Amino acid sequence: MAGEQLQVLSALDLAKTQWYHFTAIVIAGMGFFTDAYDLFSISLVTKLLGRIYYHVDGAPKPGTLPPRVSAAVNGVALCGTLAGQLFFGWLGDKMGRKTVYGMTLILMVVCSLASGLSFGDEPKAVMATLCFFRFWLGFGIGGDYPLSATIMSEYANKKTRGAFIAAVFAMQGFGILAGGIVSLIVSAAFDHRFKAPSYQDDPVGSTVKQADYIWRIILMFGAVPAAMTYYWRMKMPETARYTALVARDAKKAATDMSKVLHVEIEAEETKVQKLAMESANSFGLFSREFARRHGLHLLGTTTTWFLLDIAFYSQNLFQKDIFSAIGWIPKAETMNATQEVYRISRAQTLIALCSTVPGYWFTVVFIERMGRFAIQLMGFFFMTVFMFALAIPYHHWTLKPHRIGFVVMYSLTFFFANFGPNATTFVVPAEIFPARLRSTCHGISAASGKAGAIIGAFGFLYAAQSQKKSETEAGYPPGIGIKNSLIVLGVINFLGMLFTFLVPEPMGKSLEELSGENDEDSPELDMQPPTNRTVPV
């Protein structure tokens, strides 16, 4: 049966929305702003990197990154992110959320700046340097996922917890938008200052030597928002749930939260020690008890995030290829290098502005009205519908009169990804696991997502190639084509909808109710299955 909750945790659960809630959203959210900027800005400059470093004299089209190089540049940060999510997620439960939070930010700032540097000017040296620093940038970004989610969930009250965690994640949308805007400004400025002919008029002259600064400036700018929040991250106190339930320091938890909430809170040291002795607060991640209580939940959070990110990162990283295929971006040979960056940035900025950003904030508004389960199920359903609607009559969408319709449909898949599983898969793992394992389990769930992202980023590069050898990009074998790739993504979204039924509904419950940390030992309790319903009734 459930025991009485600690006063400090009850005070947090019942607290009215205050200034410190918004401060926490901004501090944690700026990390996600940086994360999204850094992860997605690379897709804006890969075509430029191909023109600068892989130009072939006499070729009818501009240079492109070789398949392996392109896969590495696009995917190496995702590999680093996966490793960082597992490592920093575990470390956040061992050392505390606040201590580790500063480490990830420093790593992000340093590696963002270093991404724009090169050891040598040969293609291999430039790409090796870029990949090295983007791996460690991803490693730092990976730590931000479990730590930001856990910190926000442990600071929030139970009435608006989902909306606050979703608001932190929604800063990703602004990060993607900022990447497009910075790229637009930089490319427009360089195109205005350094005039160049199109590739078909002058293959060599179409890429001015100053273009080498464009991609460096765009990537290095990611360090700015992260650096701005370092001081405030270090000023945040450790979360009361970690201090009381994991570190078992009742006095510090009460003192810290008294300052934050501006109320007197009693330090219940006896109750903290009693809770620490309960079996509900002692089992480990690889124990039979964890598998019984939370095994299906962890399976649900990992599989849904994995399936979502295959589709989401495929769409996001390769928008430019799809837009080029349907003619929304002119053929590369009709533009110079800086104009191509501008056109790609404009297309991705419009998608972010019209569908990505609104989708995130629809989740923030409706998550405490509709619940996590309903939003996630709805999102996967509409993503499936729109993917098939794009794929089955694909030839229809490639015809010039219907291209705007394609872009609208494609944008709607982004909208329902963000007003759907892209937000909820981030929110739920921060709510349903015990405090001592919360950051670790969120990190495992997020790492599963990044494994899906890696499959999307690497696999879609090859899969989306034309089935005709003569129409593939240089160096790529024939693939299954964009139409069949979209059908595969539709099937993946449908599987995500099915696995959503393993995920519990946390709306309106305290973190301790969800995790069972207030459960007192009793023979009857040990015989009962976990009580979290998958589908809200």
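A.B. asks: What is the right way to look at helix H1 (residues 7–14) in this model?
C.D. replies: Residues spaced three or four apart along an α-helix point in a common direction, a consequence of the helix completing one turn every 3.6 residues. Among the residues of H1, those classed as buried are Val8, Leu9, Leu12 and Asp13. Projected down its long axis, H1 shows its buried positions confined to an angular sector of 135 degrees, all on one face. Contacts made by the buried residues of H1 are with helix H2 (19–53), helix H5 (123–155), helix H10 (240–246), helix H11 (250–261) and helix H22 (511–515).

A.B. asks: It is not clear to me how the side chain of Ser439 should be interpreted in this structure. Could you clarify?
C.D. replies: Looking at where Ser439 falls in the secondary structure, it is placed in helix H20 (residues 435–463). Residue class for Ser439 comes out buried when judged on its relative accessible area of 0%. Discounting chain neighbours no more than four positions away, the residues touching Ser439 are Phe88, Gly89, Gly92, Asp93, Arg97, Pro146, Leu147 and Thr150.

A.B. asks: Is there a simple way to explain the pattern of salt bridges in this structure?
C.D. replies: A pair can form between side chains of opposite charge whenever their charged atoms are brought close. Taken as a whole, this structure holds 15 salt bridges when the rule is applied. Across the salt bridge formed by Glu154 and Arg97, the nearest N and O atoms sit 2.7 Å from each other. Placement of the pair is Glu154 in helix H5 and Arg97 in helix H4 (residues 97–114), with a sequence separation of 57 residues. Taken individually, Glu154 and Arg97 each receive the classification buried, so the pair is uniform in this respect. The partner of Arg233 in a salt bridge is Asp144, with the nearest N and O atoms 2.9 Å apart. Here Asp144 lies in helix H5 and Arg233 lies in helix H9 (residues 230–235), a separation of 89 residues in the sequence. Classification of Arg233 as buried rests on a relative accessible area of 0%. Linked through salt bridges whose partners overlap, the residues forming this network are Asp93, Arg97, Glu154 and Arg438.

A.B. asks: Before we go on, may I ask you to explain the packing of aromatic side chains in this structure?
C.D. replies: How two aromatic rings sit relative to each other is given by the distance of their centres and the angle of their planes. Taken as a whole and assessed by the stated rule, the structure comprises 36 aromatic pairs. Counting every residue linked through ring pairs, the aromatic cluster contains Phe362, Phe366, Phe381, Phe382, Phe386, Phe415, Phe416 and Phe419. Just above the ring of Tyr101 sits the side chain of Arg233; from NZ or CZ to the centre is 3.7 Å. Just above the ring of Phe283 sits the side chain of Arg436; from NZ or CZ to the centre is 4.6 Å.

Reading the values: rules and limits
- Residues numbered from 1 in each chain as written.
- Predicted model: local features only at pLDDT ≥ 70, side-chain atom pairs only at ≥ 80, totals over all residues.
- Heavy atoms only, no water.
- Buried < 20%, exposed > 50% of the residue type's maximum accessible area, 1.4 Å probe, protein only.
- Helix = DSSP H or I, 4+ residues; strand = E, 2+ residues; numbered from the N terminus.
- Arc of directions from axis to C-beta.
- Contact = heavy atoms within 4.5 Å.
- Salt bridge = Lys/Arg side-chain N within 4 Å of Asp/Glu carboxyl O.
- Phe/Tyr/Trp six-rings, centres within 6.5 Å; stacked < 30°, edge-to-face > 60°.
- Lys NZ or Arg CZ within 6 Å of the ring centre and 35° of its normal.

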